[in-house]
Amino acid sequence: KLEKTALDLRITIIKMIAKAGSGHLGGSLSCADIISVLYFYQLNIDPKNPKWEDRDRFILSKGQASVILYPILADLGFFALDELKRFNQADGKFGVHLQHDVPGVEITSGSLGHGFGVATGLALGAKMNRQLHMVFCLLGDAECYEGSIWEAAMFASHNRLNNLVAIVDRNHLGVTNFTENMVELEPFNQKWKSFGWNVVNINGHSFEEILHALEDIRSRKFSKPIVIIADTV
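Below you will find a few notes about this structure.

### Overview of the pairing of strand 4 (residues 198-203)
One face of the sheet, then the other: side chains in a regular strand alternate in exactly this way. The pairing of strand 4 with strand 5 (residues 226-231) spans 6 bridges and is parallel. Pairing of V200 across the sheet is with I228, part of strand 5. Crossover strand 4 to strand 5 through helix 9 (residues 207-214) is right-handed.

### With respect to the sheet that holds strand 4
Ordered by their spatial adjacency, 5 strands build an open sheet running 1-2-3-5-4, and the pairing between neighbours is parallel. If you trace the sheet from one side to the other, it starts and ends with strand 1 (57-60) and strand 4, each paired once. This sheet shows a mean twist of 20° between the axes of neighbouring strands, independent of strand direction. Bridge count between strand 1 and strand 2 (residues 135-140): 4 bridges; the pairing is parallel. By the bridge assignment for strand 2, R57 is matched with V135. The sheet strands contacting helix 5 (residues 115-128) are strand 1, strand 2 and strand 3 (164-170), and the helix crosses strand 2 at an angle near 165°.

### Looking at the pattern of salt bridges
Within this structure, the stated rule accounts for 10 salt bridges. Between D56 and R218 there is a salt bridge, with its nearest N and O atoms 2.5 Å apart. Of this pair, D56 sits in the loop between helix 3 (32-42) and strand 1 while R218 sits in the loop between helix 9 and strand 5, and the two are 162 residues apart along the sequence. Given a relative accessible area of 2%, D56 falls into the buried group. In this structure, R170 engages E180 in a salt bridge whose closest nitrogen and oxygen atoms are separated by 2.9 Å.

### Points about the environment of A123
Secondary-structure assignment places A123 in helix 5. Its relative accessible area of 0% is what places A123 among the buried residues. A C-alpha to C-alpha distance of 37 Å links A123 and K19, two positions 104 residues apart in sequence. With residues near it in sequence (within four places) discarded, A123 still touches V135, L161, N163 and L164.

### Overview of the pairing of strand 3
With 7 of 7 residues buried, strand 3 is to be regarded as a mostly interior element. Burial of the side chains of strand 3 extends over both faces: L164, A166, V168 and R170 are buried on one face and V165, I167 and D169 on the other. Note that strand 2 and strand 3 share 6 bridges and pair parallel. Across the sheet, the residue bridging to C137 is A166, located in strand 3. Read from strand 2 through helix 6 (residues 147-158) to strand 3, the crossover connection turns out right-handed.

### Comments concerning the packing of helix 3 against helix 9
Across the interface, helix 3 lies against helix 9 with an axial gap of 10 Å and an inter-helix angle of 50°. Between helix 3 and helix 9, the crossing angle belongs to the class labelled oblique. Helix 9 is crossed by helix 3, and the crossing has right-handed handedness. From helix 3, D33, I34, V37, L38, Y41 and Q42 reach across to helix 9, where they touch F207, I210, L211 and L214.

### Re the side chain of N163
Within the secondary structure layout, N163 lies in the loop between helix 6 and strand 3. The buried category is assigned to N163, whose relative accessible area is 6%. A distance of 2.9 Å separates the side chain of N163 from the backbone oxygen of A123, its partner in a polar contact. In this structure N163 touches A123, A126, K127, H133, M134, V135 and R220, once residues within four positions along its chain are discounted.

### Notes on helix 4 (residues 69-76)
A large share of helix 4 lies buried, amounting to 6 of its 8 residues. For helix 4, every residue scored as buried is listed here: L69, Y70, P71, I72, L73 and A74.

Scoring rules and cut-offs
Residues numbered from 1 in each chain as written. Predicted model: local features only at pLDDT ≥ 70, side-chain atom pairs only at ≥ 80, totals over all residues. Heavy atoms only, no water. Pairing = 2+ DSSP bridges. Helix = DSSP H or I, 4+ residues; strand = E, 2+ residues; numbered from the N terminus. Right-handed = clockwise from strand over helix to strand, strands pointing away. Axes fitted to C-alpha atoms, helices over the stretch in contact; angles between N-to-C directions. Contact = heavy atoms within 4.5 Å. Salt bridge = Lys/Arg side-chain N within 4 Å of Asp/Glu carboxyl O. Buried < 20%, exposed > 50% of the residue type's maximum accessible area, 1.4 Å probe, protein only. Parallel < 35°, antiparallel > 145°, perpendicular 65-115°, else oblique. Left-handed = near helix turned anticlockwise from the far one by under 90°. Polar contact = N/O pair within 3.5 Å; in protein donor to acceptor, adjacent residues only side chain to side chain.

Honestly, it's all geometry; don't read function into it.
Given below as structure tokens:
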């Protein structure tokens, strides 16, 4: 079922971007499997009550890939499916960059490096308020060139935010070139470990590996935040 969901999702976003004449296709296609698992298996949310206090928070820090999220939210019932036909159109509700006024969306994002900081703040707030929901944040690998990413990573580790799950869509591409041709990110997992994170490397297109990485995520005993580096195409 998850495989079919991800395939249908990819077809939908190709149609949406083709109709709009603009949009970030590659960075959306690469995280379709991850998004499908999160929304149809992992996240504790209620489409009938988008502002439910105990909901899990999902932050799409790579907000230019918003086109991957809108069909999922429509399919779950946050808004009508017809709205997808007006993606990035003058009479539509949403554009290329993610907008917080869309039901089911937590923040406006697309300025890279910002969403992750918001996610760490939400996780700290939940800890201070003794709330049990989780905060999930999806990052792009080229987004990790931003210094604010590593400031937030230090902050999360220092505050032992084990209610925070970062997922990096490691597709090895930025908007202009392959990441390792621009500025090398490798050894990527060692960078995260040195900032005090628990690191899990997976194939981001293997549903078995994605599901296994998220297994028992709510009952982990260690205090470190976790980052899942998902190798994708």
